Amino acid sequence: CGCKKLEVDIESLKDMPLTSLILYGCNKLTGDIESLKDMPLTSLILYECRKLKGNIQAFANMPLEVLNMEDCGFNRNTLKSKITGNIKDLPQSITHLNLEECVELEGNIEVFKDMNIETLNLSECPKLQGNIQAFANMPLEVLNMEFCGFNPVTEESKIEGRRTMFNLSVTCVRVPDGSGPHARTHTRTHAHTRVYLLPHTDTLAHIHTRAHTPRTHTHAHIHART
């Protein structure tokens, strides 16, 4: 965890019988995630492993329950990612999924409709599309859709639907508002978004904001607490 000085190729882990792999903040780690494809992983954290590359199809046959790819393969100078693929290839066994800033991933969110996902973060996945009605019967507790499917040039989103489609088990939802002009630099302290706390729950949502550089818009990280 936080192994920022670890300079090895991820292929060195190939064929290890690991069930949990946490490489949080290993931003000097290199290699292709294809090297992990035959591992029996149930939990995989590649948060901020920015030098990794590969197609998420490598995860297709894993028994994954937790997958965190936030900022993995992402270049903050070019705003491009070396992580590619289609979300349809993700394992149906996943219950906690974080794909924030996986900007090259494609696919329709419809693929999640029969999955038992409790935490879903698709923030800043601009190439995704679909209707949030796909989430209606999921056991979601936390959902972050900020800038998902959003085109900053046309200021339009490929994500459609009404928040009334959500199951009441959802305690906190972030989705683009869609109304009014969208600030191109996204510095309006989330004027373009709303946070919904749905009724009939015992859980509060704590919203913590932080500024990102070199990009100029602000993120909000959602943490559930009882």
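### Regarding the nonpolar core
Here's step 1: By size, the foremost hydrophobic cluster in this structure holds 47 residues, and its most contacted members are Leu 46, Phe 59, Met 69, Leu 90, Leu 99, Phe 112 and Phe 135.
Here's step 2: Discounting residues that sit within four places of it in the chain, Leu 99 has contacts with Met 69, Ile 87, Leu 90, Leu 105, Asn 121, Leu 122, Ser 123 and Cys 125.

### Thoughts on the sheet that holds strand 16 (residues 159–160)
Here's step 1: Strands sit in the order 10-12-16 across an open sheet of 3 strands; the sheet is parallel. Each edge of the open sheet carries a strand with a single partner, namely strand 10 (107–108) and strand 16.

### A few points about unusual backbone geometry
Here's step 1: Look at Glu 48: it is not a glycine, yet its phi comes out positive at around 60°.
Here's step 2: Counting through the fold element by element, Glu 48 comes out in the loop between strand 3 (43–45) and strand 4 (52–55).
Here's step 3: You can call Glu 48 buried: its relative accessible area is 17%.
Here's step 4: In this model, Phe 147 sits at a positive phi of 65°, which is unusual for a non-glycine residue.

### Digging into the pairing of strand 4
Here's step 1: Side chains of strand 4 alternate between two faces, with Leu 52 and Gly 54 buried and Lys 53 and Asn 55 left unburied.
Here's step 2: Taken together, the 2 bridges between strand 2 (residues 31–32) and strand 4 define a ladder with parallel strand orientation. Paired with Gly 31 across the bridge in strand 4 is Leu 52.

### Digging into the sheet that holds strand 4
Here's step 1: The 3 strands are arranged 2-4-8 in an open sheet whose pairing can be described as parallel. Edge positions in the open sheet fall to strand 2 and strand 8 (83–84), since each of these has one partner strand only.
Here's step 2: As paired elements, strand 4 and strand 8 share 2 bridges and run parallel to each other. Counted as the bridge partner of Asn 55 is Thr 84 from strand 8.

### Details of the confidence of the model for the chain
Here's step 1: Looking at the chain, pLDDT values average 77 and 69% of them are 70 or higher.
Here's step 2: Below a pLDDT of 50 lies the segment residues 176–226, which in the model reaches 119 contacts outside its immediate sequence neighbourhood of four places, other chains included.

### A closer look at the packing of aromatic side chains
Geometrically, a pair of aromatic rings is defined through the distance of the ring centres and the angle of the planes.
Here's step 1: Following the criterion strictly, the structure yields 2 aromatic pairs and no others.
Here's step 2: Taken together, a centroid distance of 4.5 Å and an interplanar angle of 25° make the contact between Tyr 24 and Tyr 47 stacked. Highlighted residues: Tyr 24 in the loop between strand 1 (20–22) and strand 2 and Tyr 47 in the loop between strand 3 and strand 4, separated in sequence by 23 residues.
Here's step 3: A ring pair is formed by Phe 147 and Phe 150, whose centres lie 5.9 Å apart and whose planes are at 65°; its orientation type is edge-to-face. In this structure, Phe 147 and Phe 150 share a single accessibility class: buried.

Rules behind the numbers
- Residues numbered from 1 in each chain as written.
- Predicted model: local features only at pLDDT ≥ 70, side-chain atom pairs only at ≥ 80, totals over all residues.
- Heavy atoms only, no water.
- Core = buried A, V, L, I, M, F, W, Y, C linked by side-chain atoms within 4.5 Å.
- Buried < 20%, exposed > 50% of the residue type's maximum accessible area, 1.4 Å probe, protein only.
- Contact = heavy atoms within 4.5 Å.
- Pairing = 2+ DSSP bridges.
- Helix = DSSP H or I, 4+ residues; strand = E, 2+ residues; numbered from the N terminus.
- pLDDT = per-residue confidence, 0-100.
- Phe/Tyr/Trp six-rings, centres within 6.5 Å; stacked < 30°, edge-to-face > 60°.

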